[in-house]
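Analysis of the macromolecular model
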Amino acid sequence: SHIANFDVTWETSEQTNIGFDARLFNSRLAVNFDAYWKNTKDWLVPAPILATVGTGAPIINGGDVKNTGIELNLTWNDVIGKDFSYSIGVNGAWNKNKVGSIPTEDGIIHGNTNELYDNSYEFYRAENGRPIGYFWGLKTDGIFQNQQEIDQWILAGNGTLQDNPQPGDVRFLDIDHDGKIDDNDRVDLGNGMPKFTYGFNINLYYKNFDLGLVATGAAGFKIVQSYRNQVNKNSNYTTRILDRWTGEGTSNKIPRVTDSNINWMFSDLYTQDGDYLRLSNLTIGYNFAPLINQKWCSQARLYFQVQNLATWTKYDGMDPEIGYGTSNWVSGVDLGYYPRPRTYLIGVNLSF
């Protein structure tokens, strides 16, 4: 199915960790700290070949991926009186990622085409000196509202992607100011890997009652959203399209809907901040064993649990926790990611 490469080797991962675990204040405070430097060498990637070869590309060793980060976890446990105890934990992790030593002529591993919609261009890549799987596209400066704006834009020497721009079209930025919009104007629009992940948990115990809460979150990353396919007229859009430009002053973010796909070239109009905080788990329980008062039963706990109770985010898609897309080295691409359900559970824990 693809050309063989007898010289290919396994990837090699080298990692250095420095950390400590400590208990302070009569063991009420637990501290876990870790710093790491990880370098993955000889990344396994398909080689760039011409389509005329007629078969799949050979797998080659193509670059290094460096990750640097720190992780911290704090937990406080305490008892108040004889009936109440609790524990509170917070954790956070920061990570920096950079690619290097890609052996191609341009130092780039290119992403897939035809992924966001039919005939769409490459919109993510891995490149020497940048984070893995960064989004590569055009920057915009709103929507042309009238012909006067278009004339002034062109008179100022700015380029347009459209041959004959009309009111309601996207105003793409001419980054290199050469009077035209091309690949030289495509820039780094962020990536789907969170710079910071965090969470906290709370556990409360009062007599026979218990309550537990777990929350997780992430910050500092982008999500590319595509629920649109202007090439296929039978494809659905989200209700976001109802905010499209329909006349002067109606929208400065969503362009007019036309048969042309120029307005839908990949740009920062596809990217959104993916920051979120999710209340992952809430559990309430009660132990009936003291009421039963039988030696054979040490615990008879009835509990009610809600999973995925609430999510706070500015992302308007179905779920900001996207993970990896169609490629195993790019994350944050939402092609219609099915959201996780909210689940209600009731159960019993018995101990004899």
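My aim in this report is to walk through the structure given alongside it, one point at a time.

Rules of the game
Residues numbered from 1 in each chain as written. Predicted model: local features only at pLDDT ≥ 70, side-chain atom pairs only at ≥ 80, totals over all residues. Heavy atoms only, no water. Helix = DSSP H or I, 4+ residues; strand = E, 2+ residues; numbered from the N terminus. Rg over C-alpha atoms; globule rule 2.2 N^0.38 Å. Buried < 20%, exposed > 50% of the residue type's maximum accessible area, 1.4 Å probe, protein only. Pairing = 2+ DSSP bridges. Salt bridge = Lys/Arg side-chain N within 4 Å of Asp/Glu carboxyl O.

This brings us to the overall build of the chain. Scanning the chain from terminus to terminus reveals two helices and 20 strands. In summary, the chain has a C-alpha radius of gyration of 27 Å against a globular reference of 20 Å for 352 residues, an excess of more than 25%. When its C-alpha atoms are laid out on the principal axes, the chain stretches across 85 × 60 × 40 Å. Looking at the chain as a whole, 39% of its 352 residues are labelled buried.

Before going further, it helps to spend a moment on the sheet that holds strand S19 (residues 333–334). Ordered by their spatial adjacency, three strands build an open sheet running S16-S15-S19, and the pairing between neighbours is mixed. With one partner strand each, in any of the chains shown, strand S16 (271–273) and S19 form the two edges of the open sheet. Pairing analysis gives two bridges linking strand S15 (residues 222–225) to S19, with the strands arranged parallel. Its bridge partner being in S19, Val224 is matched across the sheet by Val333.

This next bit is on the pattern of salt bridges. Evaluated as defined, the whole model comprises 16 salt bridges. With its nearest N and O atoms 2.6 Å apart, the salt bridge here joins Lys222 to Asp273. Pair noted here: Lys222 is in strand S15 and Asp273 is in strand S16, with a separation of 51 residues, a long-range link. Its relative accessible area of 26% is what places Lys222 among the partly exposed residues. Of the residues examined, Asp273 reaches a relative accessible area of 44% and is grouped as partly exposed.

On their own, these measurements won't tell you what the molecule is for.
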